[in-house]
Amino acid sequence: MDSFTGKVYLVGAGPGNPDLLTVRAVKLLRKADVVLYDDLVSAGVLKYCKKSAVLEYVGKRIGQHSCLQTEINRKLGEYAKQYSNIVRLKGGDPSIYGRAGEEIEHLASLGIECEILAGVTTASGAASSLGIPLTHREYAREILFLSGHKKTGKNPESFEELNLEGKTVLVYMGLNSLESIRENLLESGNSGSTPMAFIENATLPTQRLVLANLDTCLDKAEEFQIKTPALLIFGQIVNFYTELQRLKEEGRISYC
């Protein structure tokens, strides 16, 4: 029987800005013998790793898999035989569209000790960096985190019969499914004037915000050449952001 002496930590790296790492995440990175990191983990985050650590890139993007999930699972098991502290470093929060469940199941089946360390999820980081609250009593009383695709392909089912009224809907990995998402939201009775926004490279120096609505979002995505990683935000909370910006430009407020 294989002997596994190491412990695996599934660590949230946050949305990119190293300032958003938790204190415990920094401590774990400084003691990690091995760090397997995702595509969305920034170079600034990796600077916290000790010089002797084995750093291995295992990033994945739609249609551009550098490392299949089964291969990542295998690597975690192999490293747990050789090292004491293994960090599986994931962008955002590992429990939110980070495939933590699949890795936990695999590690548990091998008898490898595992711990999840929460991180700032991309939606929270992106909203706070732009000064957009995700809830507001007059604009949004509910929050939905949705994925734009699933294991077998696109994910239109989550957007069928979805009324955006009173909600902030944040879509991860939704850019490649934007056309079907838009179609389903319109067919669900949402107005074409319903505001939405693209947030590209959230919290990083290259962060970019593009405002649109359901009628114009496809054209805006093409016009501004929106690229992944990009978060999609739907709902009236986007109007709250634009109102704040208008007041700021008029000199009526000096914050945000």
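Residues numbered from 1 in each chain as written. Predicted model: local features only at pLDDT ≥ 70, side-chain atom pairs only at ≥ 80, totals over all residues. Heavy atoms only, no water.

Novice: When you look at the overall build of the protein chain in this model, what are you seeing that I'm missing?
Specialist: For the protein chain, the helix and strand inventory stands at 8 helices and 12 strands. Rg of the C-alpha trace for the protein chain: 20 Å, near the compact-globule value of 18 Å for 256 residues, within the 12% margin. In terms of its C-alpha atoms, the protein chain occupies a principal-axis envelope of roughly 60 × 40 × 35 Å. Taken across its 256 residues, the protein chain has 48% of its residues classed as buried. A separation threshold of at least 6 residues defines the contact pool for the protein chain, and within that pool the share at least 24 residues apart is 67%. By element, 49% of the accessible surface of the protein chain is carried by carbon and sulfur atoms, the whole surface being about 12,800 Å². The centroid of the 29 positive side-chain charges in the protein chain is displaced by 8 Å from the centroid of its 31 negative side-chain charges. (Helix = DSSP H or I, 4+ residues; strand = E, 2+ residues; numbered from the N terminus. Rg over C-alpha atoms; globule rule 2.2 N^0.38 Å. Buried < 20%, exposed > 50% of the residue type's maximum accessible area, 1.4 Å probe, protein only. Contact = heavy atoms within 4.5 Å. Areas by Shrake-Rupley, 256 points an atom, 1.4 Å probe, with all protein chains shown as cover. Lys, Arg positive; Asp, Glu negative; His and termini not counted. Charge placed at Lys NZ, Arg CZ, Asp CG, Glu CD.)

Novice: What's the story with the nonpolar core in this structure? I'm lost.
Specialist: Soluble globular proteins tend to bury their nonpolar side chains together. With 21 residues, the main nonpolar core has Leu185, Phe198 and Phe234 as its most contacted residues. Taken together, the elements giving at least two residues each to this core come down to β9 (167-172), α6 (178-187), β10 (195-200), β11 (208-213), α7 (217-223) and β12 (230-234). (Core = buried A, V, L, I, M, F, W, Y, C linked by side-chain atoms within 4.5 Å.)

Novice: Whenever I open this one, the packing of aromatic side chains confuses me. Can you help?
Specialist: Aromatic ring pairs are reported here in terms of the distance separating the ring centres and the angle at which the planes meet. Counted under the stated rule, the structure contains 5 aromatic pairs. On the basis of an interplanar angle of 50° and a centroid distance of 6.0 Å, the ring pair of tyrosine 79 and tyrosine 83 is categorised as tilted. By relative accessible area, which is 27% here, tyrosine 83 ends up partly exposed. (Phe/Tyr/Trp six-rings, centres within 6.5 Å; stacked < 30°, edge-to-face > 60°.)

Novice: What am I meant to see in a negative patch on the surface here?
Specialist: A contiguous patch of negative charge, built from Glu160, Glu161, Glu179, Glu183 and Glu187, is present on the exposed surface. Topologically, glutamate 187 is positioned in helix α6. Here glutamate 187 falls in the exposed class, since its relative accessible area comes to 59%. (Patch = residues over 30% accessible without salt bridge, like charges linked within 9 Å, V, L, I, M, F, W, Y side chains within 5 Å. Salt bridge = Lys/Arg side-chain N within 4 Å of Asp/Glu carboxyl O.)

Novice: Please explain the pairing of strand β4 (residues 85-90) as it appears in this structure.
Specialist: Along β4, 6 of the 6 residues are buried, which leaves the element largely enclosed by surrounding structure. The pairing of strand β1 (residues 7-12) with β4 spans 6 bridges and is classified as parallel. Looking at the pairing, valine 8 lines up with isoleucine 86 of β4. (Pairing = 2+ DSSP bridges.)

Novice: Sorry if this is basic, but what is going on with the sheet that holds strand β5 (residues 113-117) here?
Specialist: Strand pairing in a sheet takes place through backbone hydrogen bonds and is either antiparallel or parallel in direction. Spatially, the 5 strands line up as an open sheet ordered β3-β2-β4-β1-β5, and their pairing is parallel. With partners counted over all chains shown, the strands left at the sheet margins are β3 (54-57) and β5, one partner each. Strand-to-strand twist of the sheet, defined as the mean angle between neighbouring strand axes without regard to direction, takes the value 20°. In this sheet, β5 lies alongside β1 in parallel orientation, the contact comprising 5 bridges. From the neighbouring strand, valine 8 faces β5, where its bridge partner is cysteine 114. Helix α3 (residues 69-82) contacts β1, β2 (34-37), β3 and β4 of the sheet and is inclined by roughly 155° relative to β4. Helix-sheet contacts for helix α4 (residues 100-110) involve β1, β4 and β5, and the interaxial angle to β1 is about 175°. (Axes fitted to C-alpha atoms, helices over the stretch in contact; angles between N-to-C directions.)

Novice: Explain α3 to me, please; I cannot follow it from the model alone.
Specialist: It helps to recall that an α-helix has 3.6 residues per turn; residues three or four apart then point in one direction. If you check α3, its first and last C-alpha atoms are 21 Å apart, about what 14 residues at 1.5 Å a residue would give, namely 20 Å. Of the surrounding elements, those touching the buried residues of α3 are β1, β2, β3, β4 and α4. (Expected span 1.5 Å × (residues − 1).)

Novice: Looking at this structure, I do not really get the environment of glycine 166. What am I missing?
Specialist: If you trace the backbone, glycine 166 turns up in the loop between β8 (153-154) and β9. Among the residues examined, glycine 166 registers a relative accessible area of 3% and is labelled buried. The residues contacting glycine 166, other than those within four sequence positions of it, are Tyr139, Ala140, Arg141 and Glu142.

Novice: Hey, could you run me through α4 in this one?
Specialist: Three or more residues of α4 are buried, namely Ala100, Glu103 and Leu107. End-on view of α4: buried residues confined to an arc of 70°, all on one side of the axis. Exposed and oriented more than 90 degrees from the buried face of α4 are Glu105, Ala108 and Ser109. In this structure, the buried side of α4 is in contact with β1, α3, β4 and β5. (Arc of directions from axis to C-beta.)

Novice: How should I be thinking about the pattern of salt bridges in this particular structure?
Specialist: Pairs can form between side chains of opposite charge once their charged atoms are near each other. The tally for this structure, following the rule as stated, stands at 13 salt bridges. The partner of arginine 24 in a salt bridge is glutamate 115, and the shortest N-O contact between them spans 2.6 Å. In this pair, arginine 24 sits in helix α1 (residues 23-31) while glutamate 115 sits in strand β5, placing the two residues 91 residues apart along the sequence. Of the charged contacts, one joins glutamate 103 and lysine 90 as a salt bridge, the two residues approaching to 3.1 Å between their closest N and O atoms. Highlighted residues: glutamate 103 in helix α4 and lysine 90 in strand β4, separated in sequence by 13 residues. For glutamate 103, a relative accessible area of 0% corresponds to the buried category. Taken together, the salt bridges that share partners define one network made up of Lys7, Arg24, Glu113 and Glu115.

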